[in-house]
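# What the coordinates show
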Amino acid sequence: MNGFRVARYIRSGVGTFLSGLCAGAAALVLLLILGYVAIKGIHAINLPFLTQLPVPVGESGGGVANGIVGSFITVGIATLIATPIGILTGILVALFGRGLIAEGIRFLSDVLSGIPSIAIGLFAYTLFVEPFRHFSALSASFAFALLMLPLIIRTSEEAIRSVPQVVREGALALGMSVYRSTMYVVLPAARPAIVTGLLLGIARITGETAPLLFTAFGSQFWELNPSNPMAELSLQIFTYAIGPYQSWHEQAWAGALLLIFAVFVLNVVARLVLRPGGAR
Amino acid sequence: MTTTTLATQGLGASYGSHRVLADVTLSFEPHSVTALMGPSGCGKTTLLRCFNRIHETITGARVDGSVLLDGESIYGPGVNPIGLRRRIGMVFQRPNPFPTFSIFDNVACGLPREFPKSERAAIVEKSLRAATLWEDVKDRLSKPATVLSGGQQQRLCIARAIAVEPEILLMDEPTSSLDPISTSSIEDLMTTLSERYTIVIVTHNMQQAARVSDFAAFFLGDGTGVGRLVEFSETTKMFTKPGDRRTEDYITGRFG
């Protein structure tokens, strides 16, 4: 009897140790990346970097202000496009989830989430750049919206499903229409989880670079009109990182640090929203 | 005061190809409490859900036979289930207050939108008093309903159901998730409410049926799992002189 017990303790101990080791390794890699980017990038982050335009090759200084603003605009428009479509689709799939249409949408959304972002970029290029012979931030927003969409659909569906059916039936039994019970009772109850999905969707596209190469294209100037080519932070990192100058490399690291920080903040906010009492 | 009558004729219900209830013919006295009893899976909850047409909101669910409200079929072509559900209220097995609504809004939200704002507060107070919850919550009406205990939440759901002044109140095992004290307060409440409403209650608990109901219907699954009505009579008669051997076996605890 004792031997059996000892063996069980040993197995439990070994299991705990191994899973702890793996978790530690994963966390260590993340910390190494964060630490390395921070060390390389922190000294290039200063006020001019955040507030000035890029300078021509050969001059020193300058910043990525136009890229920061450009990223905000592009991501913002993408969010405006993807949010209503994604949430409404999520509602449809969650409430009418057994039919052929809902199954089809769920399947297509899963496929969409697996398509490489560069292919989505090409699609946006064919649809919105080639016909107009003009790069634009709007075409980039379209590509971003496609990238966010499956994530928003899935998280909205899960969020609405997590509202107990008995709550929905309670609303119907009170004489509310399906529309009213969904809008006034189910959706508010699912809201924290939907907002979290939205923030994770934004975090997902904030660092995307590939679809921007042939849609937003990048710009050296202040550009606020989304129908024109626009500077993007992640594109600037790409350009600076493969450029031949030491000062460019430093700016690339600083830009990367900025992006990671933005994504980090989005993730933290997403977690806070999900906490009980958050986002009331 | 309501004199609305509710009756069924040859009522059956199924989920897809799975039949759960067949051939139920019953009628309910105004201002009485009728208990639907029987073991799990005998179709009594499904029967209750046919009365306010909430059964059909589940994909594949079907009803045959008829349910008559004041002699008119509630499954007729011109009947709007939304209007019907305002006449026939329901209290569920698990307390289901709307989680993001305040206590006040939970009670008021069933009222029609055009209902004057000034009278809402009076209706809310009246309903909460009727559900014996007013004293517990009168100082925190704006708090979310989720701060209440399970028994209080169930009484809130009863207040919500009676705020719209239904003619019939359906209760699906309303005390099964509550402690004995909350149970007893809700049972007292049912007796009071039956002065104004016709109540149909599903219960597993025979003592509860004996305590609160005037009439009782006993259901049992037949050999193929289809629920059927075995016996319907006054509760006192069913518990003292059951007309069917199977009812007697169930009541005396020989099975179920």
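If you're wondering where the values come from, they're calculated on a predicted model, not measured in any experiment.

## Some remarks on the nonpolar core
Core analysis: the biggest nonpolar cluster contains 46 residues, and A:Phe144, A:Met148, A:Ile160, A:Met176, A:Val185, A:Ile205 and B:Phe98 have the highest contact counts within it. Secondary-structure elements contributing two or more residues to this core are helix 3 (65-95), helix 5 (117-129), helix 6 (137-161), helix 7 (165-173), helix 8 (178-206) and helix 10 (246-274) of chain A. Element by element, the count of residues in this core is highest for helix 6 of chain A, at 13 residues. What B:Phe98 contacts, discounting residues up to four positions off in sequence, is A:Val167, A:Gly170, A:Ala171, A:Leu174, A:Met176, A:Val185, B:Asn106, B:Cys109, B:Ala145 and B:Arg160. Counting 45 residues, the second-largest nonpolar core is a separate cluster that includes B:Leu111, B:Ala163, B:Val164 and B:Leu169.

## Section: unusual backbone geometry
Although it is not a glycine, A:Phe217 sits at a positive phi angle of roughly 70 degrees. Checked against the element boundaries, A:Phe217 lands in the loop between helix 8 and helix 9 (233-242). Residue A:Phe217 is classed as partly exposed on the basis of its relative accessible area, which comes to 48%. In this model, B:Glu165 sits at a positive phi of 50 degrees, which is unusual for a non-glycine residue. Residue position: B:Glu165 is located in the loop between helix 6 (150-163) and strand 7 (168-172).

## A short note on the packing of helix 9 of chain A against helix 10 of chain A
Residue and element names in this part refer to chain A. Following both chains from N to C, one finds helix 9 and helix 10 inclined at 150 degrees, their axes separated by 8 Å at the closest point. The orientation of helix 9 relative to helix 10 falls into the category roughly antiparallel. The element helix 9 and its partner helix 10 pack so that their crossing is left-handed. Residues Leu233, Ser234, Ile237, Thr239, Tyr240 and Ala241 of helix 9 lie in contact with helix 10, whose contacting residues are Trp248, His249, Gln251, Ala252, Gly255, Ala256, Leu258 and Leu259. Residues that form the contact of helix 9 with helix 10 fall into these classes: nine nonpolar, five polar and no charged.

## Looking at the confidence of the model for chain B
Mean pLDDT over chain B stands at 90; residues scoring 70 or higher make up 98%. Model confidence for the complex is summarised by a pTM of 0.80, with the ipTM given as 0.90.

## Thoughts on the environment of A:Arg204
Residue and element names in this part refer to chain A. Relative to the assigned elements, arginine 204 resides in helix 8. Residue classification places arginine 204 among the partly exposed positions, given a relative accessible area of 33%. Each C-alpha atom, one on arginine 204 and one on leucine 151, is 9.0 Å from the other, the two residues being 53 residues apart in sequence. Every residue in contact with arginine 204, bar those within four places of it in the chain, is listed here: Leu147 and Leu151. In terms of polar contacts, arginine 204 uses its side chain to reach the side chain of glutamate 208, at 2.9 Å.

## Thoughts on the pairing of strand 8 (residues 198-202) of chain B
Residues and elements named next belong to chain B. Extensive coverage of strand 8 is indicated by the burial of five of its five residues. Taking every second residue as pointing to the same face, both faces of strand 8 are buried, with Thr198, Val200 and Val202 on one and Ile199 and Ile201 on the other. Where strand 7 meets strand 8, five bridges bridge the pair, whose relative direction is parallel. Bridge pairing in strand 8 places methionine 171 opposite isoleucine 201.

## A closer look at the pairing of strand 6 (residues 88-91) of chain B
Regular strands place their side chains on alternate faces of the sheet. All names here are of chain B. Neither face of strand 6 is open: one carries Ile88 and Met90, the other Gly89 and Val91, and all of them are buried. Of the pairings in the sheet, the one linking strand 6 to strand 7 comprises four bridges and is parallel in character. Along strand 7, the bridge assignment pairs valine 91 with methionine 171.

## Concerning the interface of chain A and chain B
Contact with chain A, which involves 19 residues of that partner, is made by 24 residues of chain B. Around 1900 Å² of area is buried between chain A and chain B when both sides are counted, 63% of it from carbon and sulfur atoms. Between chain A and chain B we count one salt bridge in total. For A:Glu169, the salt bridge identified is with B:Arg49, shortest N-O distance 2.7 Å. For the pair chain A and chain B, the number of links is three residue pairs in polar contact (both at pLDDT 80 or more). Elements supplying a minimum of two residues to the side of chain A that touches chain B: helix 7 and helix 8 of chain A.

## Things to note about the confidence of the model for chain A
When pLDDT is averaged along chain A, the result is 90; 97% of the residues meet or exceed 70. No element of chain A has a lower mean pLDDT than helix 2 (residues 47-51) of chain A, at 88, and none a higher one than helix 6 of chain A, at 94.

## Section: the packing of aromatic side chains
Given two aromatic rings, their pairing is described by the distance between the two centres and the angle made by the two planes. Residue and element names in this part refer to chain A. Per the stated rule, a full pass over the model turns up twelve aromatic pairs over all chains. With a centroid separation of 6.4 Å and an interplanar angle of 40 degrees, the aromatic rings of tyrosine 125 and phenylalanine 135 are classed as tilted. Of the two residues, tyrosine 125 sits in helix 5 while phenylalanine 135 sits in the loop between helix 5 and helix 6, which places them ten residues apart along the sequence. Look at tyrosine 125 and you get partly exposed, because its relative accessible area is 26%.

What counts and what doesn't
Residues numbered from 1 in each chain as written. Chains lettered and ligands numbered in written order. Predicted model: local features only at pLDDT ≥ 70, side-chain atom pairs only at ≥ 80, totals over all residues. Heavy atoms only, no water. Core = buried A, V, L, I, M, F, W, Y, C linked by side-chain atoms within 4.5 Å. Buried < 20%, exposed > 50% of the residue type's maximum accessible area, 1.4 Å probe, protein only. Helix = DSSP H or I, 4+ residues; strand = E, 2+ residues; numbered from the N terminus. Contact = heavy atoms within 4.5 Å. Axes fitted to C-alpha atoms, helices over the stretch in contact; angles between N-to-C directions. Parallel < 35°, antiparallel > 145°, perpendicular 65-115°, else oblique. Left-handed = near helix turned anticlockwise from the far one by under 90°. Nonpolar A, V, L, I, M, F, W, Y, C, P; charged D, E, K, R; others polar. pLDDT = per-residue confidence, 0-100. Polar contact = N/O pair within 3.5 Å; in protein donor to acceptor, adjacent residues only side chain to side chain. Pairing = 2+ DSSP bridges. Buried area = accessible area lost by both parts, 1.4 Å probe. Salt bridge = Lys/Arg side-chain N within 4 Å of Asp/Glu carboxyl O. Phe/Tyr/Trp six-rings, centres within 6.5 Å; stacked < 30°, edge-to-face > 60°.

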